[in-house]
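# Coordinate analysis (summary)
Below are the chains, spelled out letter by letter.
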Amino acid sequence: MTTLGNAIPRERKILSNADYHRRLARKRRVTFLLLVLPALVWFLAFMLWPLLNMFFISTKQWDGLALPQKFIFLDNFARFLNDKNLGVAIRNTGIHLLVGIPGVVPFAFMLGFFLSLRKPGYRLLRTIFFSPSMISVAALAMIFLGLYRPDGMLNSFLNTIGLSSLNRVWLANKSTALGAIIAIDIWSGIGFYGVLFFAALSSISEELYEAAQLDGAGYWTMMWKIAFPLMLDFFGVIIILQFLYILSGAAQNVILLTGGGPGTATLTLGYYLYNQAFLTQRLGYSQAIAVLIFFVGIAVILLIRRITSRLSNW
Amino acid sequence: MLVLLVVASMVLSACASAKATPTATNPPPTPVPTPTTAQPVTLTIWHNWGPDDAKGAPLQSIFKDFMAANPGIIIKDEVYVDADIPLKVETASAAKQEPDLVFVQRVGSPLNWTEGGIALPVNDLIKQWGFEGKFTDVALENFTLADGKIQAFPLEGYTWPIWYNTKVLKAAGVEIPMTTDQLIDAATKVRAAGYQPVIASGADGMGQYLFTLIVQSAMSDEDAAKALGDGDWTIPSAVKGVQLFTQLRDAKVFVDGIEGIDFASGNTRFFEGKTMMSHFGAWSFGEAPKELLPDIQLGGFPLPAGSPHKFPVIYSAFTAKGIWITPNGAAKMEAVKKFIQFIYQPQMIARFVEQAGMTPPLKDVPVDATKLNPLFSQSLTMQVEVAKTPDFFLPPKVQPNFATVSQEAFTPGTTAEKILADLTALYEANK
């Protein structure tokens, strides 16, 4: 049974327009914070905290996981000045960057452009070029170990074509070891970044190419006069990815194949960090090197972004 | 200077007899199993003696017999690569998840384990558990810190001799070289006969041991300690030793491309019978092909003119393996005690000696001489001197990077001056 009292609406507070919007904004803020909170907690716990720890440990003398730590403030950074190996590592990393970026990114772009033309068989080629990225690092190292051995495939090939005078112990020769390591990164990098470029280039309308072809443009012109300017931002991203890989990730091949040797021929910053942390057990100093790499990384990323954005505007 | 006319003096006193019996001073025999209603205790053990290692089978048989004799204790063993074990233990220890016992060599970071609380010193346990006077002095010394703490129970010793292939030498018409001049002559003739001379792992960490052995062949023990330990590579005998190394290298005493050869491929090439000499430790005794055994003669590295040594040099030490007790193990000390007393029974250690040619850490081990690996038996009668194993002297921070210098030293064209400068720089950088 319905009563009259139940039918009468309760008195409601009438909000002013400003109050309503203020309350709505507050509600949205709370909702936003609640939605962001898990990601924020994740970021603080697993990203920011380890990063802060890196800075913290870099101020310590810590000579092994089993040993106590001692606060030495900036002494690890002062050590940079007298560390000849660090100078060698910076030089080798510089060489790696100077060869490894121009040796990969433009060719990857060209490969990506070629694939984006979707000629017959491009799917198979895309898979083949991407396959080095699907091989585990250890397996890749084994492949190149077999290739570079004194009696390996490379020297055998040189013998077969009558160039045995070019035979080298590639990974153990001071003049070829770093080049041999860089070659691995170039070999595997072109295919990987080529497929990334292909994905990005697929967004360019085919009409643009068709119009250019009507004007008599060839593939080379279309690639560099149409695709490249449109891909400039993405080009910058790929350069940053390759730069970051060489700065730290490329150490994996050095660890597996040369251990920084012979002598210091393949000592790079990334490997030196590993060496100081896990082999020499100088944990505080290794984190000081990590801080150096961190700031160099940020500085160069900003530089690359600035250059590519200027070129885009230009 | 320790003359190692017979390594047996520190290993097997009972080896001469066909089959000796345990002495009265041995630890108590295997206890008779007793029924128990208590919860079983699990002992977790990390080691690297897997099925591919000659010591794997005897170790598993000991585990099996121990569990049969002690129904209340379960052994849970995990096999890892030897070089990976220290870091695994250290990270596990940080989470208090380390194994109860660790079988690992006393090289590198384990040297810090006692100070860092990752492993307990065993001085008192040796006394309390009835092992006083049982271990050889050198085995205990090799596990003792400067402050007198014994870091672990020594388990595996080794000799690290030079292996000569007499068939190759005979084909070249030469005898086993006793001097470096004879070595150069032999290498030339061996090459002419279609074989390769000395193989070693120039590309990895094992090559540094041959490098330092050759360098030490020109040095006294005192000078070797100064150079290897203190980094004083300016002393005349150290300079002479490095010059000797480059002289041998440039005389093509080593196989072609030695700077690119790793330990595994070096092993393979020697065992294929294609090379005159190699430098393998006792751990390879069980890996030598049977058909090659009659041709292998063990000895030391030839000496240069004016060497302070009387006999060719080899390495020998007991640091290859120790049993380390962790804090988790200490919490199960009764079970650990039973296991340690079980595995260190002379008849148990004898299994490793007979089946794997392991140099035992105990003074009295009853072995059946007929069961011994022929190379192990041969190693007991070598007329050699023991040089300083670099592991004892290289500062912990120098040790991991020493191989990069030795690898460069194996590379043709690297001068003695460059090697000496690199060695000095290595010690300077790691002070």
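Predicted, not measured: the structure shown is a model, and the values here were computed from it. Every chain's residues receive numbers from 1 upward, in the order its sequence appears when written. Written order decides the labels, with chains lettered from A and ligands numbered from 1. Local features are withheld for residues below a pLDDT of 70 in this predicted model, meaning they are given only at 70 or higher, and side-chain atom pairs are given and counted only at 80 or more; totals for whole chains, interfaces and linings count all residues. Hydrogens are left out, water is left out, and the side-chain values use all remaining heavy atoms of the structure.

### A word on the pattern of salt bridges
Put simply, a salt bridge is a Lys or Arg side-chain nitrogen that is within 4 Å of an Asp or Glu carboxyl oxygen. Applying the stated rule across the entire model yields 17 salt bridges over all chains. With its nearest N and O atoms 3.5 Å apart, the salt bridge here joins Lys55 of chain B to Asp53 of chain B. Its salt-bridge partner being Asp256 of chain B, residue Arg191 of chain B comes within 3.0 Å of it at the nearest N-O pair. Taken together, the residues Arg191 of chain B in helix α7 (residues 180-192) and Asp256 of chain B in the loop between α10 (236-250) and α11 (263-271) connect sequence positions 65 residues apart. Salt bridges sharing partners connect three or more residues here, namely Lys174 of chain A together with Glu408, Lys418 and Asp422 of chain B. Helix numbers and strand numbers start at the N terminus; a helix is a DSSP run of H or I with at least 4 residues, a strand a run of E with at least 2.

### Thoughts on the interface of chain B and chain A
Whether two residues are in contact is decided by their heavy atoms, any of which lying within 4.5 Å being enough. Between chain B and chain A, the contact holds 24 residues from the first and 23 residues from the second. Joining chain B to chain A, the criterion identifies two salt bridges. In this structure, the salt-bridge partner of Lys174 of chain A is Glu408 of chain B, at a minimum N-O distance of 3.3 Å. Each polar contact in these results corresponds to two N or O atoms within 3.5 Å; when the atoms are within protein, one needs to be able to donate a hydrogen and the other to accept it, and residues that are neighboring in sequence are counted only if both atoms are side-chain atoms. Linking chain B with chain A are eight residue pairs in polar contact (both at pLDDT 80 or more). Charged means Asp, Glu, Lys or Arg here, nonpolar means Ala, Val, Leu, Ile, Met, Phe, Trp, Tyr, Cys or Pro, and polar covers whatever is left, Gly included. Of the residues assigned to the side of chain B that touches chain A, the class counts are five nonpolar, 13 polar and six charged.

### Details of the confidence of the model for chain B
Residues and elements named next belong to chain B. The pLDDT value expresses, per residue, how confident the predictor is, ranging between 0 and 100. Summing up the model confidence of chain B, the mean pLDDT is 88 and the portion of residues at 70 or higher is 91%. Per-residue pLDDT, averaged within each element of chain B, yields its smallest value for strand β1 (residues 3-4) (40) and its largest for strand β4 (residues 101-104) (98). Two summary scores accompany this predicted model of the complex, namely pTM at 0.81 and ipTM at 0.76.

### Quick notes on the environment of Asn173 of chain A
Residue and element names in this part refer to chain A. Among the secondary structure elements, Asn173 is positioned in the loop between α8 (153-160) and α9 (177-201). For every residue, the accessible area (1.4 Å probe, protein chains only) is compared with the maximum for its type, and the residue is labelled buried under 20%, exposed over 50%, or partly exposed between those bounds. With relative accessibility at 18%, the residue Asn173 sits in the buried group. Once the C-alpha coordinates of Asn173 and Arg91 are considered, the two residues, 82 residues apart in sequence, prove to be 18 Å apart. Asn173 has contacts with Arg168 and Pro262, leaving out every residue within four places of it along the chain.

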